[in-house]
Amino acid sequence: MQKPFGQWVKERRKRLDLTREDLAMCVGCSLATIEKVETGERRASRQIAELLARCLRVPSGDTPAFVSFARGESQHILGAVPAALRSLADYPANDRAAIFDLPSPPTAFIGREREVEAACALLRREEVRLLTLIGPPGIGKTRLSLQVALGIAPHFDDDVYFIPLAQISDAALVTPAIARSLGVRESGSRPLLDVLKGKLKDKRRLLVLDNFEQVVQAGQVVSELLSAAPGLKVLVTSRVALRTYGEHSFPVPPMSLPDRSNTPSVHHLSEYEAIDLFVQRAQAAYPGFRLTNENAQAVTEICYRLDGLPLAIELAANRVTVLSAEKILARLEKSLDLLTGGALDLPPRQRTLRGAIDWSYTLLDPDEQALFRRLSIFSGGCTLEAAEEVAYGTTDDGRRTTDLPNTHPSPITHHDSALLDAMTSLVEKSLLRRDEVRAEPWFSMLETMREYAWEKLGLDEAEMGATVRSHAKYYLRLAEESEGELAGAQQGSWLERLEWEHDNFRAALNRALDRGDIETVARLSASLRRFWYLHAHMSEGRAWLKKAWHSAGSDFPQELRAKVLHGIGTLAWAQGDNSTAGHFFGQSLAIWRELGDERGIANMLNNLGIVALPQGDCDTAQAMHTESLALYRKLGDRWSIALALANLGLVALGRGDYEEAHSLLTDSLHLRQEMGDKQGIAQSFNNLGIVTRCMGKLEEAYGLHAQSLSMFEELGDRWSVALALVNMGFVALISDRERAQSLFKESLTLFIDLDARQGIATSLEGLAQVAVEENKMTHAATLFGAAEEIRKALGLPLPPDRFDSYNHSWTLARTALGDTQFDEAWEAGRAMPIEQICASALDE
């Protein structure tokens, strides 16, 4: 009998000794989603299926079959054909480690058994907490780190994370990079490093930090994390040591080579790693290649000339498509001879690698060379559209810079297929990589290649300047275009696109700052305000906006000044800094009023209303939102009209006028449905759920929250997922105590990961009410006290819609315990560290 997909997931999860909660956390979805997948109530989306494959340790080669199985696109179930699925039942399950975000290399790992075993042995030693793999570019540090991570994974009860740092040049961004990989989102005013310490404190984890050399100043961050988390170990790849206390250095040697004076027979040559690598990569490029008595000496000499460096060997092996091994050796020798006068302060192997790359570069035609140089402007990669825009460039009148004299020396030939031909050639020659994971083709370089191409670009001031300007112009236009799109039906795909491009935005900002172009810094950072807020890059975005403001705030055009102030206020509000947010929103409003810009005025009035409502100032919030609504209607801005109606509905909810709140929120929902605003629709469902609960329509309320939960999960909005869960908990509390407790615990887990203090307080309050229902009065009083302390620190009172239910439970607990015992438990909760009280709530 064929086995359903959900049943296989359940059995596989149990073999890995994972709970549903573990799997939900690994995938990044709600517990309810995993429950529905396992019971067959819900079919996994393609994204969820791919994440399930990774978390359930499905080999990358079998992932397409697994996803097809999950999506119901294939009727072949485990135990039947195809073999890819049949083999899933035999996957090893001897460890609980969930390996997160380990890249799947496109080629097989060759050799290095000694190094892998030695590094794993070191990491198994209790005293070795920080191990740094050190070596020159191209030595294979990254690939070795991945293999070591796989080998050591069973020794970590929790998980292994791979965190690439090659695109980060600012040491201050290392902490946010680690946080993003661990699923920790910035929220509230608590320092992100402290949030990370709390996240790692009681876990046995391995962090793999790749390409650390350009952010070596962040070694102190690694030291602090290790000090705060006894179960944490860190594996680093770097060209230089971190030079921090307790670091163990592991020099990565070249791949093994035979004795040059006594070359073994062809039969035994492939036992040496460098030779084996050359042969396998050559056969991948040209299946007809074979190691023979005739070419064995040339292949061996090539590997010697390249000092056993994997990257250099791969580059050379790729040339067998057009050259014999003997001719490759001849050209390589000539190229290396030309490079012997290179920079003497570089290690010999790095000079050799530079020679290998230089040799590959000289084999390109002028168009390919020009494109190769200009693509180095991108940080982290680019789309085909971006490559064309920046490589060709445009002037303000729309003409391409390649049509102009002396703008881009050695211009790319201008015809429709030139870019595609050049891009294809660079990919085929391993100088450019194509990533198929993203929604559209994404092209990137190995960092070593990009550094070389950047040096070449820098040799000509005119070409460098034109390329830098084209890059800044493209990303400024993209950021400004995104402002409108992030309020539309395509919000999800735009957020994903902007996250891909974040390294390029950073690069454009840094270069603009370096050349004193503060206006570009201001325009770009102001346009990214909503992206930085929605994707929890608050500190970084706020820092850029403040740099722009402090550098030349008074010199900006008035409209730009107002936008920068708007951005600073938004990100301050997102971090819980309501006082600062109100101050900057007020300044921005003053400028928009001076300019007579009704849209700017309306936006700031709306924001000032949002700041006022959580502080209990319903009158101010009502006035601000009413005035903003009138302006939005005058402007005919339907998206903003829907927003203002929703905010007025929340004000009515705060006043206890449920009929008015329901009417306003329903009007907002209808507008959002007409526009296809998925995020707005989900928010409307969630808010209407609160109102209908207050009106006593429990079944309808639960259904509305469930609808919002499903939509938030599809959008990947974890904060709103947690909010929907906690709201479902308050509905369930009235009739299904056990279900309510499960929902509150699930929401609390998510809020902890997000370091969302207001959400943590709300979940603790829900669990306190559950404890009252279970007659656990001391525990309830402790949770009430802890939640009160969090709200006091944030300056946020209890929402009016929960007054009656909260007070009823609070009074029952106080009456049952008596004033003295209740106050003791209450004060104990207030004094308890937040990590401790959360652990207690989840364990109860």
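Remember, it's a predicted structure, so these values are computed and weren't measured experimentally.

Reading guide: rules and limits
- Residues numbered from 1 in each chain as written.
- Predicted model: local features only at pLDDT ≥ 70, side-chain atom pairs only at ≥ 80, totals over all residues.
- Heavy atoms only, no water.
- Helix = DSSP H or I, 4+ residues; strand = E, 2+ residues; numbered from the N terminus.
- Contact = heavy atoms within 4.5 Å.
- 1 Å grid on protein atoms, 1.4 Å probe; cavity = no way out; pocket = protein on both sides within 12 Å on 5 of 7 lines; lining within 4 Å.
- Points joined across faces, edges and corners; volume = space filled by probe spheres on them.
- Nonpolar A, V, L, I, M, F, W, Y, C, P; charged D, E, K, R; others polar.
- Buried < 20%, exposed > 50% of the residue type's maximum accessible area, 1.4 Å probe, protein only.
- Arc of directions from axis to C-beta.
- Phe/Tyr/Trp six-rings, centres within 6.5 Å; stacked < 30°, edge-to-face > 60°.
- pLDDT = per-residue confidence, 0-100.
- Core = buried A, V, L, I, M, F, W, Y, C linked by side-chain atoms within 4.5 Å.
- Polar contact = N/O pair within 3.5 Å; in protein donor to acceptor, adjacent residues only side chain to side chain.
- Pairing = 2+ DSSP bridges.
- Axes fitted to C-alpha atoms, helices over the stretch in contact; angles between N-to-C directions.
- Parallel < 35°, antiparallel > 145°, perpendicular 65-115°, else oblique.
- Left-handed = near helix turned anticlockwise from the far one by under 90°.
- Salt bridge = Lys/Arg side-chain N within 4 Å of Asp/Glu carboxyl O.
- Expected span 1.5 Å × (residues − 1).

K.L.:
I'd like a rundown of the overall build of the protein chain, residues and numbers included.
P.N.:
A count of helices and strands for the protein chain gives 42 helices and nine strands. Long-range pairs, those at least 24 residues apart, make up 68% of the contacts in the protein chain between residues at least 6 apart in sequence.

K.L.:
Could you give an account of the side chain of E247, naming the residues involved and the relevant values?
P.N.:
Turning to its location among the elements, E247 is positioned in strand β6 (residues 247–251). The residues contacting E247, other than those within four sequence positions of it, are L130, T132, A241 and L242.

K.L.:
Summarise empty space enclosed by the protein; cite the residues concerned and give the values.
P.N.:
For the structure shown, the criterion picks out one cavity of 30 Å³ or more. As for the largest cavity, its lining consists of Q741, K745, L767, V770, A771, E774, H779, L783, A841 and E844. Looking at the lining of the largest cavity, the elements that each hand over two or more residues are α37 (737–754), α38 (757–773) and α39 (777–794). With three residues, the top contributor of residues to the lining of the largest cavity is α38. A per-class count over the lining of the largest cavity returns five nonpolar, two polar and three charged.

K.L.:
Go over helix α20 (residues 418–428) with me, naming the residues and quoting the values.
P.N.:
Inspection of α20 places A418, L419, A422, M423, S425 and L426 among the buried residues, and these make up the whole buried set. Seen end-on, α20 carries its buried residues on one side only, within an arc spanning 160°. The elements touched by buried residues of α20 are α18 (366–375), α19 (384–392) and β9 (442–444). Two residues or fewer past α20, S430 is found with a positive phi of approximately 65°.

K.L.:
Break down the packing of aromatic side chains for me, with residues and values.
P.N.:
When we look at a pair of aromatic rings, we describe it by the centre distance and by the angle of the planes. This structure, assessed with the given rule, holds 17 aromatic pairs. Judged by centre distance (6.0 Å) and plane angle (65°), the ring pair of F278 and F289 falls under edge-to-face. Of the two residues, F278 is situated in helix α13 (residues 273–285) and F289 in the loop between α13 and α14 (296–305); the sequence distance between them amounts to eleven residues. Each of the two residues, F278 as well as F289, counts as buried. Seen in terms of ring centroids, Y533 and W573 are 5.7 Å apart; in terms of plane orientation they differ by 55°. Their pairing is tilted. In this pair, Y533 sits in helix α26 (residues 529–534) while W573 sits in helix α28 (residues 558–574), placing the two residues 40 residues apart along the sequence. Residue classification places Y533 among the partly exposed residues on the basis of a relative accessible area of 29%. Judged by its relative accessible area of 27%, W573 falls in the partly exposed class. Aromatic ring contacts, followed pair by pair, group F5, W8, F66 and F69 into a single cluster.

K.L.:
Could you give an account of the confidence of the model for the protein chain, naming the residues involved and the relevant values?
P.N.:
Here the protein chain averages 84 in pLDDT, and 87% of its residues register 70 or above. Low pLDDT, under 50, characterises residues 75–97; the stretch is placed with 53 contacts to residues that sit more than four places away or in other chains.

K.L.:
So, the nonpolar core: which residues are in play, and what are the values?
P.N.:
Membership of the largest hydrophobic core comes to 90 residues, with the highest contact counts inside it found for F372, L375 and V564. Tallying contributions element by element places α28 first for this core, with eight residues. Setting aside residues up to four positions removed in sequence, F372 forms contacts with Y361, L364, L426, L431, M445, M449, Y452 and A453. Counting 61 residues, the second largest nonpolar core, distinct from the first, contains M728, V772, M777 and A781.

K.L.:
Could you give an account of the side chain of T666, with specific residues and numbers?
P.N.:
Note on placement: T666 falls in helix α33 (residues 658–675). Polar contacts involving the side chain of T666 include one to the main-chain carbonyl oxygen of H662, which spans 2.6 Å.

K.L.:
Hey, could you go over the sheet that holds β9 for me, with residue numbers and the actual values?
P.N.:
Spatially, β7-β9-β8 is the arrangement adopted by the three strands of the open sheet, whose pairing is antiparallel. What marks the edges here is a single partner per strand, and that holds for β7 (382–383) and β8 (433–435). The pairing of β7 with β9 spans two bridges and is classified as antiparallel. The residue bridging T383 from the neighbouring strand is W442, located in β9.

K.L.:
So what's going on with the pairing of strand β2 (residues 130–134)? Residues and values would help.
P.N.:
Across a regular strand the side chains alternate sides, sitting on one face of the sheet and then on the other. Burial analysis of β2 places five of its five residues in the buried class, the great majority of the element. Going residue by residue along β2, you find L130, T132 and I134 tucked away on one face and L131 and L133 tucked away on the opposite face as well. Of the pairings in the sheet, the one linking β2 to β6 comprises five bridges and is parallel in character. Each bridged residue has a counterpart across the sheet, and for I134 the counterpart in β6 is P251.

K.L.:
Could you give an account of the packing of helix α32 (residues 638–655) against α33, naming the residues involved and the relevant values?
P.N.:
As a packed pair, α32 and α33 sit with axes 8 Å apart at the nearest point and diverge in direction by 160°. Regarding the angle of α32 to α33, the classification is roughly antiparallel. The two elements α32 and α33 meet at a crossing, and its hand is left-handed. Between α32, through R638, W639, I641, A642, L643, L645, A646, L648, G649, A652 and L653, and α33, the contact on the second element is made entirely by Y658, E660, A661, L664, L665, D667, S668, L671, R672, E674 and M675.

K.L.:
Run through the pattern of salt bridges, naming residues and quoting values.
P.N.:
Side chains carrying opposite charge are able to pair once their charged atoms draw close together. All told, the structure shown has 36 salt bridges when counted by the stated rule. Ionic pairing is found between R13 and E38, a salt bridge with its closest N-O pair at 2.6 Å. Of the two residues, R13 sits in helix α1 (residues 5–15) while E38 sits in helix α3 (residues 31–39), which places them 25 residues apart along the sequence. Between E774 and K776 there is a salt bridge, and its shortest N-O distance comes to 3.4 Å. Given the relative accessible area of 24%, E774 is considered partly exposed. The class of K776 is partly exposed, set by a relative accessible area of 32%.

K.L.:
Please give an account of unusual backbone geometry that cites residues and values.
P.N.:
Despite not being glycine, R112 shows a phi value in the positive range, around 65°. Assessed through its relative accessible area of 3%, R112 is described here as buried. Non-glycine residue N211 carries a positive phi angle of around 60°. On the secondary structure map, N211 appears in the loop between β4 (205–210) and α11 (219–228).

K.L.:
Can you explain α32? Please cite residues and give values.
P.N.:
Taking 1.5 Å as the rise per residue, α32 with 18 residues should run 26 Å; its terminal C-alpha atoms sit 26 Å apart, in good agreement. For α32, a buried count of 14 out of 18 residues is recorded, marking the element as mostly surrounded by other parts of the structure. Put simply, D637 is the residue that caps the front of α32, since its side-chain oxygen is 3.3 Å from the backbone nitrogen of W639.

K.L.:
Could you give me a rundown of the environment of G151, with the residues and numbers involved?
P.N.:
Of note, G151 is situated in helix α8 (residues 141–152). The class of G151 is partly exposed, set by a relative accessible area of 36%. C-alpha separation for the pair G151 and V116, spaced 35 residues apart in sequence, amounts to 7.6 Å.

K.L.:
Go over the packing of helix α9 (residues 174–181) against helix α10 (residues 192–200) with me, naming the residues and quoting the values.
P.N.:
Packed helices, taken two at a time, are described by their axes: the angle between them and the distance between them. Interaxial distance between α9 and α10 falls to 10 Å at its minimum, and their mutual angle equals 40°. One element, α9, and the other, α10, form an angle in the oblique class. Seen from above, α9 lies across α10 with left-handed handedness. For the pair formed by α9 and α10, the contact residues are T175, P176, I178 and A179 on the first element and L192, L193 and L196 on the second.

K.L.:
Hey, could you go over the environment of E428 for me, with residue numbers and the actual values?
P.N.:
Inspection of the secondary structure assignment puts E428 in helix α20. In sequence terms E428 and N318 are 110 residues apart; their C-alpha atoms lie 8.8 Å from each other.

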